[in-house]
Amino acid sequence: MALLLRTVARQGLCSSRLQLAVLYRHAVPMGTTAKEEMDKFWNKNTRLNRPVSPHISIYQWSVPMMLSISHRGTGVALSSGISAFALAALVLPESYPHYLDLIHSMSFGPQFLAFSKFALAFPVAFHTFNGIRHLLWDLGKGFKIPEVYRSGYIVIALTVLTSIGLAAM
């Protein structure tokens, strides 16, 4: 595509005769296939006794690493949960008040309800606060290592406090 655009730009859009031969005269046949290249890659790595990839076990765990992994995990979990609830709302035969009354009729204790609310609020709060942290990074702020750790601890503290507050409601 880039070669086509370059050719059109060089010859101009108004030229009387666009020579298509230009598109393939610089083409060079490939010497090897992708499979051959991959075989060479793996044979070289095996010969040099290289690991397959840097595995997670060789890194020392840090707060930024855990927050990054958790941010991705909560994003996937929240997206999956919202999709599952939306699908259930479309497929289930009864309306929302029916299922709400069903949950009330189960007579769960207050500790279970508080824990359930905390378990629902925690990923939402964490993903929100860590998302704000990432937006600040997009503005170019907070990239120094002490600031990265401090903002991580602030995210954790705000997440716990917000989740407790929401669970207490």
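Remember, predicted model here, so these are calculated numbers, not experimental data.

The next subject is the overall build of the protein. Counting secondary structure elements, the protein contains seven helices and zero strands. In the protein, the succession of helices and strands from N to C terminus is α-α-α-α-α-α-α. A sequence separation of at least 24 residues applies to 68% of the contacts in the protein between residues at least 6 apart. Here the protein has roughly 13,700 Å² of accessible surface; of this, 70% comes from carbon and sulfur atoms.

Not every positive phi belongs to a glycine, and Asn-49 is a case in point at roughly 60°. The topology assignment puts Asn-49 in the loop between helix 3 (34–47) and helix 4 (63–91). Given a relative accessible area of 67%, Asn-49 falls into the exposed group. In the Ramachandran plot, Ser-107 falls in the positive-phi region, its phi being about 50° despite a non-glycine side chain. Relative to the helices and strands, Ser-107 is located in the loop between helix 5 (96–105) and helix 6 (110–138). The exposure class assigned to Ser-107 is exposed, which follows from its relative accessible area of 61%.

Next up on the list: the UniProt feature "transmembrane region" (unreviewed entry) in the protein. Feature annotation in UniProt places "transmembrane region" (unreviewed entry) on residues 75–92, 112–136 and 148–168, given in this structure's numbering. Secondary structure across residues 112–136 comprises 100% helix and 0% strand; the distance between its end C-alpha atoms is 36 Å.

With that settled, the discussion passes to the packing of helix 4 against helix 7 (residues 145–168). The geometry of helix 4 relative to helix 7 is characterised by a closest axis approach of 9 Å and an angle of 50° between their N-to-C directions. Put simply, helix 4 runs oblique to helix 7. Two packed elements cross with a definite hand, and for helix 4 against helix 7 that hand is left-handed. For the pair helix 4 and helix 7, contact is made by Val-63, Pro-64 and Leu-67 and by Val-148, Tyr-149, Gly-152, Tyr-153 and Ile-156, respectively. Its residues placed into classes, the contact of helix 4 with helix 7 shows seven nonpolar, one polar and no charged.

Take the environment of Ile-145 next. The residue Ile-145 is located in helix 7 in this model. C-alpha of Ile-145 to C-alpha of Pro-64: the two residues are 81 residues apart in sequence and 9.5 Å apart in space.

Okay, the packing of helix 4 against helix 6 next. Taken N-terminus to C-terminus, the directions of helix 4 and helix 6 make an angle of 125°; their axes are 9 Å apart at the nearest point. Comparing the axis directions of helix 4 and helix 6 gives the class oblique. In the crossing of helix 4 with helix 6, the sense of the turn from one axis to the other is left-handed. Listed contacts from helix 6 to Leu-67, Ser-70, His-71, Thr-74, Gly-75 and Leu-78 of helix 4 are Pro-123, Val-124, Phe-126, His-127, Asn-130, Gly-131, Arg-133 and His-134.

Its 29 residues place the ends of helix 4 41 Å apart at the C-alpha level, agreeing with the 42 Å of an ideal helix rising 1.5 Å per residue. Looking at the buried residues of helix 4, the elements they touch are helix 6 and helix 7.

Here we take up the side chain of His-71. With respect to the secondary-structure elements, His-71 resides in helix 4. Looking at His-71, the relative accessible area reads 15%, which means it is buried. If we skip the residues at most four places from it in the chain, His-71 touches Phe-126, His-127, Asn-130, Gly-131 and His-134.

Criteria and thresholds
- Along each chain, residue indices are assigned from 1 in the same order as the chain's sequence is written.
- Local features are withheld for residues below a pLDDT of 70 in this predicted model, meaning they are given only at 70 or higher, and side-chain atom pairs are given and counted only at 80 or more; totals for whole chains, interfaces and linings count all residues.
- Only hydrogens and water are set aside; all other atoms, that is, all heavy atoms of the structure, feed into the side-chain values.
- Strands here are runs of E lasting at least two residues and helices are runs of H or I lasting at least four, both read from the DSSP assignment and numbered beginning at the N terminus.
- The contact definition used throughout considers only heavy atoms, calling two residues in contact when any of these lie within 4.5 Å.
- Note on areas: Shrake-Rupley, 1.4 Å probe, and residue coverage restricted to the protein chains presented here.
- Between buried and exposed lies partly exposed: a residue is buried under 20% and exposed over 50% of the maximum accessible area for its type, with that area taken using a 1.4 Å probe on protein chains only.
- UniProt positions are given in the numbering used here, feature names are shortened, and annotations may be inferred rather than shown by experiment.
- Comment: axis = line fitted to C-alpha atoms, over the contacting stretch for helices; angle = value between 0 and 180 degrees taken between N-to-C directions.
- Should an angle lie under 35 degrees it is considered roughly parallel, over 145 roughly antiparallel, and from 65 to 115 roughly perpendicular; all remaining angles are considered oblique.
- Handedness of a helix crossing follows the sense of rotation of the near helix relative to the far helix, less than a right angle counterclockwise being left-handed and clockwise being right-handed.
- Residues are grouped as follows: nonpolar covers Ala, Val, Leu, Ile, Met, Phe, Trp, Tyr, Cys and Pro; charged covers Asp, Glu, Lys and Arg; every other residue, Gly included, is treated as polar.
- To estimate the expected span of a helix, subtract one from its residue number and multiply by 1.5 Å.

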